[in-house]
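# Understanding the architecture of this molecule
For reference, the chains in residue letters:
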Amino acid sequence: MTQKTTTYFEDLDLSEDILDALWDMHFEKCTPVQAGCIPEILNGKDIIGIAQTGTGKTAAYLLPILTLLAEEPHEADAVNCLIMAPTRELAQQIDQALQGFSYYTGINGIAVYGGNDGVRFEQEHRSFQQGADIVIATPGRLITHMQLGNLDLSRTTHLILDEADRMLDMGFIDDIKTILKQLPEKRQVIMFSATMPEEIDKMAKEFMHNPAEVRIAVSKPAEKIDQSIYICHDGDKTPIVKHIFADTKPERVIIFASSKMRVKELNIILKRKGFNCEAMHSDLDQKDRDRVMLAFKQGKVDMLIATDIVSRGIDIDDIQMVINYDCPRDPEDYVHRIGRTARAGRTGRAITLVGEKDMFPLRKIEKLLEEKLPRNPLPEGCKEPEPEVKAKPKSKPNSKSNRRPANRGKKPTPKPQK
Ligand code: AMP
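Owing to the predicted nature of the structure, the values given are computational and were not obtained by experimental measurement.

What the rule picks out here adds up to 24 salt bridges. One salt bridge in this structure joins Asp162 and Lys57, with 2.8 Å as the shortest N-O distance. With Asp162 in the loop between strand E5 (158-161) and helix H7 (164-169) and Lys57 in helix H3 (residues 57-71), this pair connects stretches of sequence that are 105 residues apart. Across the pair, Lys57 and Asp162 agree in class, each one buried. Here Lys237 and Asp326 are joined by a salt bridge, their closest N and O atoms 3.2 Å apart.

A separate point is helix H12 (residues 286-297). For H12, with twelve residues, the first-to-last C-alpha span of 16 Å sits near the 16 Å given by 1.5 Å per residue. Inspection of H12 places Gln286, Arg289, Val292, Met293, Ala295 and Phe296 among the buried residues, and these make up the whole buried set. Each element contacted by the buried residues of H12 is listed here: helix H4 (88-101), strand E9 (253-256), strand E10 (277-280) and strand E11 (303-306). Backbone geometry just downstream of H12 places Gly299 in the positive-phi region, at approximately 80°.

This part takes up the packing of H4 against H12. At a closest axis distance of 11 Å, the pairing of H4 and H12 adopts a crossing angle of 60°. As far as their axial angle goes, H12 and H4 are oblique. Our pair here, H4 against H12, has a crossing hand that is right-handed. Here Arg88, Glu89, Gln92 and Gln96 of H4 come into contact with H12, specifically with Gln286, Arg289, Asp290 and Lys297. Tallied by class, residues from the contact of H4 with H12 come to no nonpolar, three polar and five charged.

Enumeration over the complete set of coordinates arrives at five aromatic pairs. Considering the side-chain rings of Phe27 and Phe101, the 5.8 Å spacing of their centres and the 70° angle between planes classify their relative orientation as edge-to-face. Residue Phe27 is found in the loop between helix H1 (16-24) and helix H2 (32-42), and its partner Phe101 is found in helix H4; the two are separated by 74 residues along the sequence. Given the relative accessible area of 34%, Phe27 is considered partly exposed. For Phe101, a relative accessible area of 3% gives the class buried. Summarising the aromatic geometry, the rings of Tyr103 and Tyr104 are spaced 5.1 Å apart at their centres and angled 85° between planes, so their arrangement reads as edge-to-face. Classification of Tyr104 by relative accessible area gives buried; the value is 11%.

On to the pairing of strand E7 (residues 212-215). Residues Ala212 and Val214 line the buried face of E7, whereas the alternating positions Glu213 and Arg215 sit on a face that is not buried. Bridge analysis of strand E1 (residues 47-50) against E7 gives four bridges, and the strand direction is parallel. Opposite Gly49, over in E7, you have Val214 as the bridge partner.

On to the nonpolar core. Counting 44 residues, the largest nonpolar core has Leu14, Tyr61, Leu63, Ile83 and Ile134 as the members making the most contacts within it. Of all elements in the fold, only H1, H2, H3, strand E2 (81-84), H4, strand E4 (134-137), strand E6 (188-193) and E7 reach the threshold of two or more residues within this core. Per element, the largest residue contribution to this core is nine residues, and it comes from H3. Each residue touching Leu63, except ones within four places of it in the same chain, is listed here: Phe9, Leu14, Ile18, Leu22, Ile38 and Phe101. The next biggest cluster of nonpolar side chains, apart from the first, holds 34 residues, and it includes Leu82, Ala132, Val135 and Phe172.

Rules used in this analysis
- Residues numbered from 1 in each chain as written.
- Predicted model: local features only at pLDDT ≥ 70, side-chain atom pairs only at ≥ 80, totals over all residues.
- Heavy atoms only, no water.
- Salt bridge = Lys/Arg side-chain N within 4 Å of Asp/Glu carboxyl O.
- Helix = DSSP H or I, 4+ residues; strand = E, 2+ residues; numbered from the N terminus.
- Buried < 20%, exposed > 50% of the residue type's maximum accessible area, 1.4 Å probe, protein only.
- Expected span 1.5 Å × (residues − 1).
- Contact = heavy atoms within 4.5 Å.
- Axes fitted to C-alpha atoms, helices over the stretch in contact; angles between N-to-C directions.
- Parallel < 35°, antiparallel > 145°, perpendicular 65-115°, else oblique.
- Left-handed = near helix turned anticlockwise from the far one by under 90°.
- Nonpolar A, V, L, I, M, F, W, Y, C, P; charged D, E, K, R; others polar.
- Phe/Tyr/Trp six-rings, centres within 6.5 Å; stacked < 30°, edge-to-face > 60°.
- Pairing = 2+ DSSP bridges.
- Core = buried A, V, L, I, M, F, W, Y, C linked by side-chain atoms within 4.5 Å.

Laid out in structure tokens, this is it:
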């Protein structure tokens with residue numbers, strides 16, 4: 001459903017402390033998913049939000065949950081709210097958003113994800129014992145803590161599953177069900193998912209009470225993305241990348257490739273060709289992932305070469321170009337990948353290199369987009385693939401206002417201690 005009228009955060013029953021934080025952050029108008037979810041969550045309803053990253057879904061659940069936690073009596077030594085996210089990067093990003101929104105509230109949160117050292121693990125354990133108001137966790141790490149008896153969820157009254165379909169893809173569905181079973185009977189469950197596979201639907205029916213559905217089902221990329229493709233031989237892909245940057249220096253570029261191996265190889269090849277690039281994939285340990293992401297965010301690295309680990313949930317606003325070195329197999333992934341650019345009203349380019357093996361995925365993408373993507377002419381020296389590679393494959397493909405007073409009259413209170 002499209003939201004016609006503008007909803008302002010001030011019109012919603014959010015706590016004053018949160019409105020102050022939103023004011024500081026220049027958040028004034030709700031996005032549609034926020035306008036749809038916030039009142040329902042404030043009313044204590046279970047929610048299924050069908051929305052992807054970039055729609056403002058994080059604030060859609062954090063703002064009302066923070067209001068509920070601030071205004072309802074809750075237990076000081078309990079984990080009152082658990083947020084589950086499929087990847088460390090998304091968990092960190094939710095944590096950052098939480099720190100902004102909760103600035104004036106005194107509500108504390110902790111992000112809990114794998115790949116850290118033993119000291120961090122102990123710190124997490126202590127936070128659980130002392131009662132972290134909000135725990136943001138990846139499923140694997142949370143299960144480890146639960147198995148060691150470190151975490152008591154019997155008093156956790158709010159659970160949020162962010163990117164539930166991604167957690168399903170990553171094989172975490174049973175872990176999530178185990179976690180859901182630990183919660184008290186009286187609890188609020190909020191689930192966000194870009195798609196609604198049958199398994200997720202079943203889980204919702206089993207564990208949620210009469211959920212309200214808020215659907216922002218726009219599986220379409222932002223209009224401000226200038227999309228185009230090269231139809232080429234696989235072996236010509238690297239010269240084409242070079243050609244793309246023949247006249248312009250690459251800046252804030254993400255190149256997606258289909259596997260860790262391809263990412264690693266491409267990183268070496270492009271480095272040899274003089275590009276300032278770094279690889280990002282799940283074989284990197286947490287420290288290296290953080291280092292690479294920070295260097296990229298700070299502009300010390302021009303190009304990030306990545307697997308789909310970066311395609312969803314990563315909040316870097318000023319990506320200028322996305323290159324799909326390989327066509328994603330799933331058209332939804334195409335939308336997620338290119339959605340890294342043209343965020344927050346900016347423009348951006350998305351270029352997809354379509355090799356011999358990419359023709360069928362391209363067809364699926366064009367079907368989803370309901371348009372043919374513009375073809376770029378090949379650079380000199382690259383040959384057009386034979387027409388038969390464009391033919392349908394014989395074998396069956398794999399299924400798959402300044403409204404608020406200028407001065408709120410409040411001085412920042414010291415940031416709550418964790
Ligand atoms: P998300 O979909 O939660 O990852 O949010 C995408 C981006 O939009 C983040 O950078 C948010 O800080 C930003 N954002 C979310 N809601 C609003 C809003 N109502 N006004 C301005 N920016 C927003």
